[in-house]
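# Structure at a glance
Okay, here's what each chain looks like letter by letter:
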Amino acid sequence: MSVGKVFHPGISSNHSDDSPYSWSVPPYHPSSEKYENTKTCKGPDGELHANLLCPVDVAEVPEGTLPDKQSTEEAIRLLEKMKSSASPFFLAVGYHKPHIPFRYPKEFQKLYPLESITLAPDPQVPAGLPPVAYNPWMDIRQREDVQALNLSVPYGPIPVDFQRKIRQSYFASVSYLDTQVGQLLSALEALQLANSTIVAFTSDHGWALGEHGEWAKYSNFDVTTRVPLMFYVPGRTAPLPEAGDKLFPYINPFDSVSALMEPGREAVDLVELVSLFPTLAGLAGLHVPPRCPIPSFHVQLCREGQSLLKHFRFHDSEEDLALHGNPRESIAYSQYPRPADSPQWNSDRPSLKDIKVMGYSIRTIDYRYTVWVGFNPHEFLANFSDVHAGELYFVDSDPLQDHNMYNDTQGGDLPHSLTP
């Protein structure tokens, strides 16, 4: 079952959310979804605009609701239906926020007073950043409130006061999302399904909030490639609750005093989202398909990514012997396309036919290494002998990735410790 924005709309999901192949019932999309990018944001002039910053009075917006609210309601309805069924189920709930525009109930701004909002710790474009690596955040510039700032392209900085407003609205959107997740988990428990349901929480990408002078998601930096990844596995990640206790009590963020929750166990290994499928299959007791061969078009079912089952202890008293492997063996991969070596109007989202350069990046526990190479969009082939630019950042000495050491390594091979 699919609720909300699970697949990206458009050709990437065959304009159908991959239905009927991935779902037993037609995917659900909230009816108010169609207003997300329309003029529903009241500006200082009292008129409605298509803005980036869009805190709203929910009672005044079309249909009197928001997409994520509708998705929560539909997800709870499906859980109620599954409670009366003996069949196992898989429910994917895709929330829109904190995706732009930042359209959320305006009361969430109160949680983040503007005077307490800080700027990004590194708001300047790094001196050693190759032009091909920079994203000019053109989708942000298309919003009416950002257009009114009359910013220069591609590097013109956003005024400091507006930067704070963007960060405030992002944080407020996250808190709004958090209440929706809280309501959904609380319903899961109220329906007595929490003791037999695995929960995974993640996202498809990060988002730059002024770091490196960038906004949005179109890069290979950690700030845009890292995502939350949290699991609840009954009896493994948390003991089953005693009678009268609650695993997922709903906490109202506007209450003056909120109960402190005991934090879960944290793993610091590098993992990838391609590990989600084999991990969930293994946790559910299903057969985990074999690794995909190259090429894999002839194989009906296979997997990429490693199972993360070693991170789930069966009992608190168990020793985590499996977790004491060499962390330097872990690598996470990402890539991002560019139409040219310098930022231009379509640098963030080039059409396939316009891709001329591809940035391939590896992240280890010690460093992030990115190489931008020539790319043939017709053959889907990268030419690694045609290197346009490179980036190398060391995690310990440069955790924010502001000092590119790539050119310092040229003229000789990379040190052996940087070789995956």
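Before going into details, it helps to say that this report is about the structure given with it. (Residues numbered from 1 in each chain as written. Predicted model: local features only at pLDDT ≥ 70, side-chain atom pairs only at ≥ 80, totals over all residues. Heavy atoms only, no water.)

### Comments concerning the environment of Ala281
What counts is decided by this rule: Only runs of H or I of at least four residues qualify as helices and only runs of E of at least two qualify as strands under DSSP, and these elements are numbered from the N terminus. Burial status follows relative accessibility: with a 1.4 Å probe on protein chains alone, a residue under 20% of its type maximum counts as buried, one over 50% as exposed, and anything between as partly exposed. By the convention used here, residues are in contact when the closest approach between their heavy atoms is within 4.5 Å.
Structurally, Ala281 is set in helix α6 (residues 276–283). Exposure remark for Ala281: the relative accessible area of 7% places this residue in the buried category. Separated by 26 residues in the primary sequence, Ala281 and Ser307 have C-alpha atoms spaced 8.9 Å apart. Filtering out sequence-adjacent residues up to four positions away, Ala281 remains in contact with Leu286, His287 and Val288.

### Digging into α6
Every buried residue of α6 is listed here: Pro278, Thr279, Ala281 and Leu283. Buried residues in α6 make contact with β10 (229–232). Just past α6, the residue Gly285 takes up positive phi, approximately 80 degrees.

### Thoughts on the sheet that holds strand β11 (residues 332–338)
Convention followed: In this analysis, strands are considered paired if DSSP registers two or more bridges between them. Lines are fitted to the C-alpha atoms to define the axes, a helix being fitted only along its stretch in contact, and any angle between axes, read from their N-to-C directions, falls within 0 to 180 degrees.
Reading across from one edge, β11-β12-β13-β14 is the order of the 4 strands in this open sheet, with antiparallel pairing throughout. A strand with exactly one partner marks an edge of an open sheet, and here the two such strands are β11 and β14 (381–394). Pairwise comparison of adjacent strand axes, ignoring direction, gives a mean angle of 20 degrees for this sheet. In this structure, strand β12 (residues 357–363) lies alongside strand β13 (residues 367–376), joined through 7 bridges in antiparallel fashion. Among the inter-strand pairings, Ile362 is bridged to a residue of β13, identified as Tyr369.

### Here's the deal with unusual backbone geometry
Outside of glycine, negative phi angles account for most residues, and trans bonds account for most peptide bonds. That bond from Ser19 to Pro20 is cis: its omega, 10 degrees, falls within 30 degrees of zero. By the secondary structure assignment, Pro20 is in the loop between β1 (2–4) and β2 (41–42). Omega for the peptide link from Val153 to Pro154 comes to 10 degrees, which places this bond in the cis form. Examined against the element boundaries, Pro154 turns out to sit in the loop between α3 (144–147) and α4 (160–190).

### Describing helix α1 (residues 67–83)
Note the following rule: Each residue after the first adds 1.5 Å to the expected span of a helix.
With 17 residues, α1 should cover 24 Å at 1.5 Å per step; its first-to-last C-alpha distance of 24 Å lies within 8% of that length. Pro67, Asp68, Gln70, Ser71, Thr72, Glu74, Ala75, Leu78, Leu79 and Met82 are the residues of α1 that are buried. Turning to α1, the residues buried within the fold contact β1, β5 (92–94), β6 (102–105) and α4.

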